[in-house]
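Examination of the molecular architecture
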Amino acid sequence: MEFSCKHFKVGKCEGEKLVDGETIPLVLQPSEANKNDLESLLLALKNNKEWFEQMIIKNSAVLLRGFDVKNAEEFNEIVEICGWEDIRYVGPAPRTHIYKRVWTANEGPLSEFIYYHHEMVLFKECPLKVILFCEIPPPEGGQTPVVPSFKVTEKMVEEFPEAVKEMEEKGLRYTFTAPGKNNTGSMRGRGWEDAFGTSDPQEVEKRAKAFGMELEWLPDGGLKTILGPRNLTKVFEGRKGRRMWFNTIVGMHGREISSAKMADGTEIPENVVKRCAQIIEEESIQFKWEKGDLLFLDNLALLHGRRPSLPPRKVLVATCK
């Protein structure tokens, strides 16, 4: 679908890229200078729900820029007017609930790089959309780079056809160890009680089963989660038959608290993982955050991460089905 909407005009941002005929991210601005208030934005989204969602899927990312959005309460109004069902985040990132459907993004140290990932990629149900709101832009760094997932698959198939075939056929198996309590000094420091929303081990096991994971309780009070087999790539409806690199082998392979192997226990070759990381970085797209920016990501099509940043930086998030 071509761009056609009287409530928005197409803008540009430094760092945007044309990928397979699509601009990532598609920048949408107020149609008129005096139409940048919250009420005008809410009305525009309400009157163009189907079109707006199609733009997100078509371009994989839409950046709303130039609107006067001030805080979590206003961000929540925007999320709710879109009409997408909420999905609770499950994962290792330390986060704080702010207001209704709004949470902080990963609260790990700003000095650390958060590696590229599809949100909740390992679970049976993951968000279809990840929405980010920049309340306080960082003075330096702190970008949220995105990567068209199908481009990674294309290059990996080209360079490592046999390894990709083996991983596809065998599937993948991941492990991750969570502490008993939150450790905000780590970008993966979310404790299992917070992650599962309960301190009752029996309830944790029940919820883990629903997520499709096995558990191993550790003597130090931590919890080891085991997930697999999982796909290496996936094809999703409405996305041109593209084969998405829907895994987290680079982010979890050979780490102190996590692992990524083939489902039968076979190790993934180190050179394959290393080159995959290079490819992901080569395909990355990033822009500089501005105050009030709203970034809508198609979580099935894009990997995203976070560059190291100088403080302060405040980016809030909502995840939707």
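Residues numbered from 1 in each chain as written. Predicted model: local features only at pLDDT ≥ 70, side-chain atom pairs only at ≥ 80, totals over all residues. Heavy atoms only, no water.

Going by an unreviewed UniProt entry, the protein carries the name TauD/TfdA-like domain-containing protein and comes from Arachis hypogaea.

**Notes on the UniProt feature "domain: TauD/TfdA-like" (unreviewed entry) in the protein**
Going by this rule: UniProt positions are given in the numbering used here, feature names are shortened, and annotations may be inferred rather than shown by experiment. Labels follow the DSSP assignment, with helices taken as runs of H or I lasting at least four residues and strands as runs of E lasting at least two, numbered in each case from the N terminus.
Under the local residue numbering, the UniProt record ascribes the feature "domain: TauD/TfdA-like" (unreviewed entry) to residues 33–316. In residues 33–316, the share of helix is 30% and the share of strand is 24%. The end C-alpha atoms are 26 Å apart.

**With respect to the domain arrangement of the protein**
The cut-off we apply is this: For the domain bounds, the source is a domain assignment made automatically or taken from a database. By definition in these notes, contact holds between two residues if any of their heavy atoms fall within 4.5 Å. Put simply, buried area is how much 1.4 Å-probe accessible surface two parts lose in total, over both of them, once they are put together. Definition used for salt bridges: Asp or Glu carboxyl oxygen within 4 Å of a side-chain nitrogen of Lys or Arg. Throughout this description, a polar contact denotes any pair of N or O atoms lying within 3.5 Å of each other; where both atoms belong to protein, one of them has to be capable of donating a hydrogen while the other can accept it, and for residues adjacent in sequence the pair is counted only when both atoms sit in side chains.
As far as domains go, the protein holds domain 1 (8–108 + 127–141 + 286–320) and domain 2 (148–281). The distance between the C-alpha centroids of domain 1 and domain 2 comes to 25 Å. Taken residue by residue, the interface counts 23 residues in domain 1 and 25 residues in domain 2. When domain 1 packs against domain 2, the two sides together hide about 2000 Å² of surface, and 55% of this comes from carbon and sulfur. It is Pro92, Leu300 and Leu303 in domain 1 that bury the most area against domain 2; as a group they hold 29% of the surface buried on that side. Linking domain 1 to domain 2 there are 5 salt bridges. Where Asp20 meets Arg242, a salt bridge forms, and the shortest distance between an N and an O atom there is 2.6 Å. There are 9 residue pairs in polar contact (both at pLDDT 80 or more) connecting domain 1 and domain 2. Of all the elements in the fold, those that place two or more residues in the side of domain 1 that touches domain 2 are strand E3 (22–24) and strand E18 (302–306).

**Things to note about a negative patch on the surface**
Applied cut-off: Only residues whose relative accessible area exceeds 30% and that take part in no salt bridge are eligible for patches, with like-charged residues grouped when within 9 Å of each other and nonpolar side chains (Val, Leu, Ile, Met, Phe, Trp, Tyr) grouped when within 5 Å. Note on areas: Shrake-Rupley with a 1.4 Å probe; residue coverage comes only from the protein chains shown. We treat Lys and Arg as the positive residues and Asp and Glu as the negative residues; His and chain ends play no part in the count. Every charge is mapped onto a representative atom, which is NZ of Lys, CZ of Arg, CG of Asp or CD of Glu. For the exposure calls, accessible area comes from a 1.4 Å probe over protein chains only, and a residue counts as buried if that area is under 20% of its type's maximum, exposed if over 50%, partly exposed in between.
On the surface, Glu39, Glu73, Glu77 and Glu80 cluster together to form a negatively charged patch. No other element matches the 3 residues that helix H3 (residues 72–82) contributes to the negative patch. For Glu39, the position within the fold is in helix H1 (residues 38–47). Glu39 gets classed as exposed once you look at its relative accessible area, which sits at 55%.

**A few points about helix H4 (residues 149–159)**
Since there are 3.6 residues in each turn of an α-helix, residues three or four apart along the chain are aligned in direction. Applied cut-off: Each C-beta atom gives one direction from the helix axis, and the arc is the one those directions make.
Looking only at H4, the buried set comprises Ser149, Phe150, Val152, Thr153 and Met156. Around the axis of H4, the buried residues are gathered within 150 degrees of arc, so they sit on the same side. Buried-residue contacts for H4 involve strand E2 (17–19), strand E10 (146–148), helix H5 (161–170), strand E15 (243–244), helix H9 (270–282) and E18.

**Focus on unusual backbone geometry**
The amide bond that connects Ile24 to the next residue, Pro25, takes the cis arrangement and shows omega of -5 degrees. Its location among the elements puts Pro25 in the loop between E3 and strand E4 (26–30). Residue Pro312 follows Pro311 across a cis peptide bond; omega there is -5 degrees. Along the polypeptide, Pro312 turns up in the loop between E18 and strand E19 (314–320). In the Ramachandran plot, Asp20 falls in the positive-phi region, its phi being about 50 degrees despite a non-glycine side chain. Relative to the helices and strands, Asp20 is located in the loop between E2 and E3. A positive phi angle, close to 50 degrees, is found at Lys100, a residue other than glycine. Mapped onto the fold, Lys100 is located in the loop between strand E6 (97–99) and strand E7 (102–104).

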